[in-house]
Amino acid sequence: MAAIHAFDEPEATTRGEFVRVLAVGGVLVIGGLTLAELAPRALSAPSRSQDVQILNFALRLERMQAALYRRAIERARLKGEALRFARTAEGHEREHIAYLERILGSSARPSPRFSFGNATSNASRVLSTAVTLEDASVGAYNGQVANLTKGALADAMRIASVDARHAAWIRSINGQPPAPDAIDTPLTEQQATQRIARAGIR
Amino acid sequence: MTPSEPSLQGLDDIDRDGAIREAASRLPTTSRRGFLGAAVAGGVLAAVLARPAGARAAASSGDIAILNYALVLEYLQAAFYTEAEQSGALTGIAAEADRVIGAVERAHVSALRKALGSAAVKRPFFDFRGNTEQQDAFLRTAVAFEDLGTAAYKGQLARISDPALLAAAASIHTVEARHAAWIRYLAGVTPAAEALDPPFSMARTQQLVASTGFIVQRPRTNGRRPPRFTG
């Protein structure tokens, strides 16, 4: 965990906020930065043991998503496109879990029990919680790319873009811009965790 | 290499709705053959991508080649959305999506050009063959472009050596995936068709782009409206 938390510097947070695209009068600017300036600094050289830490965090996020959609389907009386989304996404998240468990083998951490508060009490709460969770997951994957070995990176990115599709899909259903930024802001583990906690997921 | 048609094996995966094939099939047979042959035999796109770059000190030649490859795809997308916006053919939420996505693709172009500096390849010429002038054709083509963009970036991420460029490319890659899902939603096809998105190699992507005939040697004027090459 030390490796991952070394990422969490105030400077990195500022930079993460700074690179958000500013939409001013319809003109999009990537914060006035060049591409090379966008990336968070690498913490330590990629290694198998660092992969295990990072992929276990990814596994936790995927388990959280699957659990949210399962509970939402059971309790929130979803209908129409929202129900179609929840069913499809739950299936995908289960496949992501199986994929990560296969990569991690005996290093895969067991599933915790999640508490969603009242996030699954009705369809509108489910939608906004899902937006937060999928967006945070996309940012979390993007925040770790330089810290993964090349093999683990390729595996993680096959999942990350599907989570990005889920994020855009649920945002479309929820009447929010599906792709609000020209570049998805990379998040540290701590930043992603904070956003999820603020949505009431424990 | 003889100027025969390339194999389109695998096109089904990316061109689920047939937009790329439909666009290619609209071409008169002779020019289609001629173009595809030329493209496959080291034609326009390959030439653009393979052009030796005046290397920037900070980036490896491998990274420069990958960024230029991404730049060509972004030029293609930016030109497509910009032309569709100017055609005035789109209405409602499709017009709004076109405007927003077009602005983002133009931002990607300028970011990549800035990163590449003098090593950036020039913008090719495009002919979208009427697909920017009709809403259904626009949506089908946009779905194919965004799915392709997502797969093409994904195929290169593990090959990028500079960590900063890698992080930027990954974060653009997920925006392409968002666009794909958004346009799919508007087109009435499932936004996320599979649990794991596939990566595409450069060769496969080049072959798919070549098969559309959208990249041309010089501006052509066979559309219903005068072409505008302003992406």
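Residues numbered from 1 in each chain as written. Chains lettered and ligands numbered in written order. Predicted model: local features only at pLDDT ≥ 70, side-chain atom pairs only at ≥ 80, totals over all residues. Heavy atoms only, no water.

K.L.:
What should I look at first to understand the interface of chain A and chain B in this one?
P.N.:
Residue-level contacts link 46 residues of chain A with 45 residues of chain B. Between chain A and chain B, the buried area comes to about 3,800 Å², and carbon and sulfur atoms account for 69% of it. The tally of links from chain A across to chain B stands at 4 salt bridges. As a salt-bridge pair, Asp147 of chain B and Arg165 of chain A come within 2.8 Å of each other at their nearest N and O atoms. Our count for the contact surface shared by chain A and chain B stands at 16 residue pairs in polar contact (both at pLDDT 80 or more). Among the elements of the structure, helix H4 (80–104), helix H5 (123–144) and helix H6 (150–173) of chain A are those that each provide at least two residues to the side of chain A that touches chain B. With 17 residues, H6 of chain A is the largest single contributor of residues to the side of chain A that touches chain B. In terms of residue class, the side of chain A that touches chain B is made up of 28 nonpolar, 9 polar and 9 charged. (Contact = heavy atoms within 4.5 Å. Buried area = accessible area lost by both parts, 1.4 Å probe. Salt bridge = Lys/Arg side-chain N within 4 Å of Asp/Glu carboxyl O. Polar contact = N/O pair within 3.5 Å; in protein donor to acceptor, adjacent residues only side chain to side chain. Helix = DSSP H or I, 4+ residues; strand = E, 2+ residues; numbered from the N terminus. Nonpolar A, V, L, I, M, F, W, Y, C, P; charged D, E, K, R; others polar.)

K.L.:
What is the right way to read the packing of helix H6 (residues 92–116) of chain B against helix H7 (residues 135–157) of chain B from this model?
P.N.:
The packing of two helices is summarised by the inter-axis angle and the distance between the axes. Residue and element names in this part refer to chain B. Axis separation between H6 and H7 bottoms out at 12 Å; the angle between their running directions is 35 degrees. The two elements H6 and H7 cross, and the hand of that crossing is left-handed. Across from Ala94, Asp98, Ile101, Glu105 and Leu112 in H6, the residues of H7 making contact are Gln135, Phe138, Leu139, Glu146 and Tyr153. A breakdown of the residues in the contact of H6 with H7 according to their chemical character gives 6 nonpolar, 1 polar and 3 charged. (Axes fitted to C-alpha atoms, helices over the stretch in contact; angles between N-to-C directions. Left-handed = near helix turned anticlockwise from the far one by under 90°.)

K.L.:
When you look at the confidence of the model for chain A in this model, what are you seeing that I'm missing?
P.N.:
Keep in mind that low pLDDT regions are not for reading the predicted coordinates in detail. Summarising the model, chain A shows a mean pLDDT of 83, and 79% of its residues fall at 70 or more. A low-confidence stretch, residues 1–41 of chain A stays under pLDDT 50, and its non-local contacts, those more than four residues away or across chains, total 81 contacts. (pLDDT = per-residue confidence, 0-100.)

K.L.:
I'm lost on the nonpolar core in this one. Help?
P.N.:
The nonpolar side chains of soluble globular proteins are, as a tendency, buried together. Grouped together as the largest cluster of nonpolar side chains are 77 residues, with contacts concentrated most on Tyr141 and Met157 of chain A together with Leu71, Leu76, Phe128 and Leu157 of chain B. Sorting the residues of this core by element identifies helix H3 (48–75), H4 and H6 of chain A together with helix H5 (61–87), H6, H7, helix H8 (163–187) and helix H9 (202–212) of chain B as the ones contributing at least two each. Excluding its chain neighbours within four sequence positions, the residues that come into contact with Met157 of chain A are Tyr141 and Val145 of chain A together with Lys154, Leu157, Ala170 and His173 of chain B. (Core = buried A, V, L, I, M, F, W, Y, C linked by side-chain atoms within 4.5 Å. Buried < 20%, exposed > 50% of the residue type's maximum accessible area, 1.4 Å probe, protein only.)

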